[in-house]
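# Topology and contacts: notes
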Amino acid sequence: MIGIGRKKNMMSFLFKPLCIALLLFGQFSLIWLKSNVVTLEYKLSALEKKKAECIKERRMMLAEKAGLQSFVGLETENNGFVLPDRVRVIHVKRQKGSLPYKVSLTKKLLSETELQR
Amino acid sequence: MILNHGMLSEKAKQQHVKAEDIQVKRGIILDREGRQLALNLDLESLYCEPEILHLDNKSVKKLASAMGEKPEVILTKIPAEGKFAWVERKLEPRIAERIRGQNIKGLGFMNEAKRVYPKGKLASHILGFVGLDNQALEGLELQYDRYLSTRGGKVFFERDASGRTLSSGVDKEVRGNNIVLTIDEGLQGIVEKEIEKAIAKWKAVAASAIMMDPFTGEILALANWPSYDPNNPRKASNFEKRNRAITDCYEPGSTFKIVVGIGALEENIVRPDTLFDVSKGGIEVGTKTIHDVHRYGTLTFKEVIQKSSNVGSIMIGMRLGKERIYKYAKLLGIGEKTGIDLPGEVSGWIHPPERWSGTSLGAIPIGQEVAVTPLQILRAYSAIANGGFLIKPHIVSEVTSPEGQLIYSFADNELKHIIPAKTAEIFKEILKSVVEGGTGENASIEGDEVAGKTGTAQRIDPKTKRYSKEKYISSFVGFVPADKPMFSLIVVIYEPKGQIYGGVVAAPVFRDIVNQALSYLNIPRKNIPYETTLLVAR
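Residues numbered from 1 in each chain as written. Chains lettered and ligands numbered in written order. Predicted model: local features only at pLDDT ≥ 70, side-chain atom pairs only at ≥ 80, totals over all residues.

## Overview of the overall build of chain B
Of regular secondary structure, chain B possesses 17 helices and 25 strands. Each of the three principal axes of chain B carries a C-alpha extent, and together these read 105 × 60 × 55 Å. Across the 538 residues in chain B, those meeting the buried criterion constitute 45%. Partitioning the intrachain contacts of chain B with sequence separation of at least 6 by distance along the chain shows that 72% fall at a separation of at least 24. (Helix = DSSP H or I, 4+ residues; strand = E, 2+ residues; numbered from the N terminus. Buried ≥ 20, exposed ≤ 12 C-beta atoms within 10 Å, placed from the backbone. Contact = placed C-beta atoms within 7 Å.)

## Some words on the sheet that holds strand β23 (residues 467–480) of chain B
All names here are of chain B. Reading across the sheet, the five strands line up as β11-β10-β24-β23-β22 and stay open at both edges, with antiparallel pairing between neighbours. The open sheet terminates on both sides in strands that have one partner only, identified here as β11 (219–225) and β22 (451–460). Along the sheet, successive strands turn relative to each other by an average axial angle of 10°, direction set aside. Pairing of strand β10 (residues 206–212) with strand β24 (residues 487–494) involves seven bridges; the strand directions are antiparallel. Across the sheet, Ala206 pairs through a bridge with Tyr494, a residue of β24. Across the sheet, helix α8 (residues 185–202) is in contact with β10, β11 and β24; its angle to β11 comes to roughly 30°. Strand contacts of helix α15 (residues 374–385): β10, β23 and β24, with the helix running at about 150° to β24, the strand carrying the most contacts. (Pairing = 2+ DSSP bridges. Axes fitted to C-alpha atoms, helices over the stretch in contact; angles between N-to-C directions.)

## With respect to the domain arrangement of chain B
Residue and element names in this part refer to chain B. Considered domain by domain, chain B is made up of domain 1 (13–55 + 79–181) and domain 2 (185–520). Distance between the C-alpha centres of domain 1 and domain 2: 44 Å. The interface of domain 1 with domain 2 comprises 30 residues on the first partner and 26 residues on the second. Sorting the residues of the side of domain 1 that touches domain 2 by element identifies α5 (124–127), α6 (139–143) and β9 (178–181) as the ones contributing at least two each. (Domains from an automatic or database assignment.)

## Here we look at the pairing of strand β14 (residues 288–291) of chain B
Residues and elements named next belong to chain B. Both strand β13 (residues 282–285) and β14 contribute to a ladder of four bridges, which runs antiparallel. By the bridge assignment, Glu284 is partnered in β14 with Thr289. Between β13 and β14, which pair antiparallel and follow one another directly, the connecting turn spans two residues, one of which, Gly286, has a positive phi of 65°.

## Focus: unusual backbone geometry
Residue and element names in this part refer to chain B. A cis amide bond, omega 0°, links Trp225 with the succeeding residue Pro226. Note that Pro226 resides in the loop between β11 and α9 (238–241). Of the consecutive residues Val480 and Pro481, the connecting peptide bond is found in the cis state with omega at -15°. Along the chain, Pro481 turns up in the loop between β23 and β24.

## A word on the nonpolar core
Residue and element names in this part refer to chain B. In this structure, Ile179, Ala209, Ile210, Val259, Val491, Ile493 and Phe510 are the most contacted members of the largest nonpolar core, which totals 126 residues. Here this core gets nine residues from one element, more than from any other, and that element is helix α17 (residues 502–520). Residue contacts for Val259: discarding those within four places in its chain leaves Ile325, Tyr328, Ala329, Leu332 and Ile334. Ranked by size, the runner-up nonpolar core spans 10 residues in total, among them Met67, Ile74, Leu91 and Ile99. (Core = buried A, V, L, I, M, F, W, Y, C linked by C-beta atoms within 7 Å.)

## Looking at α15(B)
Residues and elements named next belong to chain B. An ideal rise of 1.5 Å per residue puts 16 Å on 12 residues; α15 measures up with 17 Å between its terminal C-alpha atoms. Among the 12 residues of α15, 12 are classified as buried, and the element is accordingly described as predominantly covered. When we look at burial in α15, the residues that qualify are Pro374, Leu375, Gln376, Ile377, Leu378, Arg379, Ala380, Tyr381, Ser382, Ala383, Ile384 and Ala385. Positive backbone phi, at 90°, marks Gly387, one or two positions downstream of α15. (Expected span 1.5 Å × (residues − 1).)

## Comments concerning the confidence of the model for chain A
Residue and element names in this part refer to chain A. Mean pLDDT over chain A: 76, with 64% of residues reaching 70 or higher. Ranking the elements of chain A by mean pLDDT puts helix α3 (residues 112–116) last with 47 and helix α1 (residues 2–68) first with 86. Low pLDDT (under 50) marks residues 106–114, which in the prediction has four contacts with non-local residues, meaning those over four places away or in another chain. (pLDDT = per-residue confidence, 0-100.)

## Structural notes on the confidence of the model for chain B
Overall, the predicted model of chain B reaches an average pLDDT of 91, with 97% of residues at or above 70. Low pLDDT, under 50, characterises residues 530–538 of chain B; the stretch is placed with 18 contacts to residues that sit more than four places away or in other chains.

## A look at the environment of B:Phe109
All names here are of chain B. Assignment of secondary structure puts Phe109 in strand β6 (residues 107–116). Counting along the chain gives 264 residues from Phe109 to Thr373, while the straight-line C-alpha distance between them is 48 Å. Sequence-distant contacts of Phe109, that is, excluding residues within four places in its chain, are made with Glu44, Ser45, Leu46, Ala96 and Arg100.

Structure (structure tokens):
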């Protein structure tokens, strides 16, 4: 009986300081968290600025690339880009199956009678 | 308990909450292969705060030198009083850097988006341009502004006592939708290059050319000369900015003979071998006599078109009658807008039969007293190429969101079947003969058959209000390969000097464009020799 009473006294003795400590801890945690959040916001803001700069640079380069790749700019004899004369282009029909590993000019097959001559 | 909480918190808010406009970036315009034709750059604009700014002579000279302008010009841009004034909008980065390096108090920079056309003059009449505040003013920029642009707004973010900003988590930029065109940059470049050459050769006043897929109505290239750089539209005159391919009418001359030709075939008035005696070399209609360029004897209907006999065409027109000529003209889209998705298209005109004069029957069948645009004529001939369908030309293929989602796609062309395929086929053979042995020989190419028609029309002299004897419009319209057309093409040269005939001035331009275009598209020739085959190693 006395033991239980002692326990109760200890609990009530510790209860208040515990609550105060918890409260203080909570307050400091909140402040610490808020501070971290604000720090993160600063960092994010800096990153956003950096991102904007990178996007700006990227757009510049894309515009430059588009200009350099302009067909009109490329298509000059000085640059060596000339549309081929269609008369000189030979189109080869794609054959099914694997192609022979050789380069050759095969003439039209001679008929047997021509061969016999 | 805080006194004056409301007022104080409002004041605090004013101090540490800043509002900024959300940047609106217009959507990108791409050609059919995804190549960028219009995009945005982030540039800086220079502003001043006159109340704070104090420029001495030395600073003014430094600033002027950095901006590449005279000191007097700089001073006119800076007002004596006020809180804010623009000095220069959308500076080049190197100029902005030079000015920033001078650290002049009272000057500041603001980010702004600038619309840029990286291909320069290419497709300028199609793309159009925007104003200083990126407001659409011409061309596709105007026509599709509701897709390309979007609403901005404001973003609010906090800043501390030293002015550093905290992240708001909101994107400070919104982008409009992107547009994919039917235009091919390569074909556009070829067409523009060739008409520019023709202008130089014939010292012409202007030129237009349009290339189109006759089956789908997709415009593959649309070019005008003179042209302009949409990056500097203020430097261009209105004459240079005219999209005469759709905004200017002209009398089509002999290219209009498709109307009487198709009408006569459809009404069974003629067959390809029906004979016409044009030996007199001229024909009287009312008080006028209309002559042929050359004297012919008896021509078949086919030869009347092949040799572009005015006398023969008028005879056919007389047999057809004015009501039926008008009917077939309207059927082929003459005097009506094509509905192309570009601003400023005009309808042209053809008077209804009740308004025809006593000499109209001698004029309209040969393409006078009629006003058309180059696109209308191209569409009419495309109906022959595709088996008798009147298609709707269009320039935009689809609209996509910045994330790539499809928002709008050009629906399948509502095809209007205007003439039977058989009639179209007969007339196609006749158009082939124009190039094979007729007035359009200079349009022929090796390896493929071309079908087309020449046109030579007098211009009205604005001073005398009569047909000019010096000012002509030379044109050629056709499609290739004749039997399986990859594209139809019209070339119109305004007021060439030295020569006037469509077969001499416009037909060679047509040929040169076609040769390069077919090569660019890698279309094999019809008569590919298979006697030898070249096998290549993998």
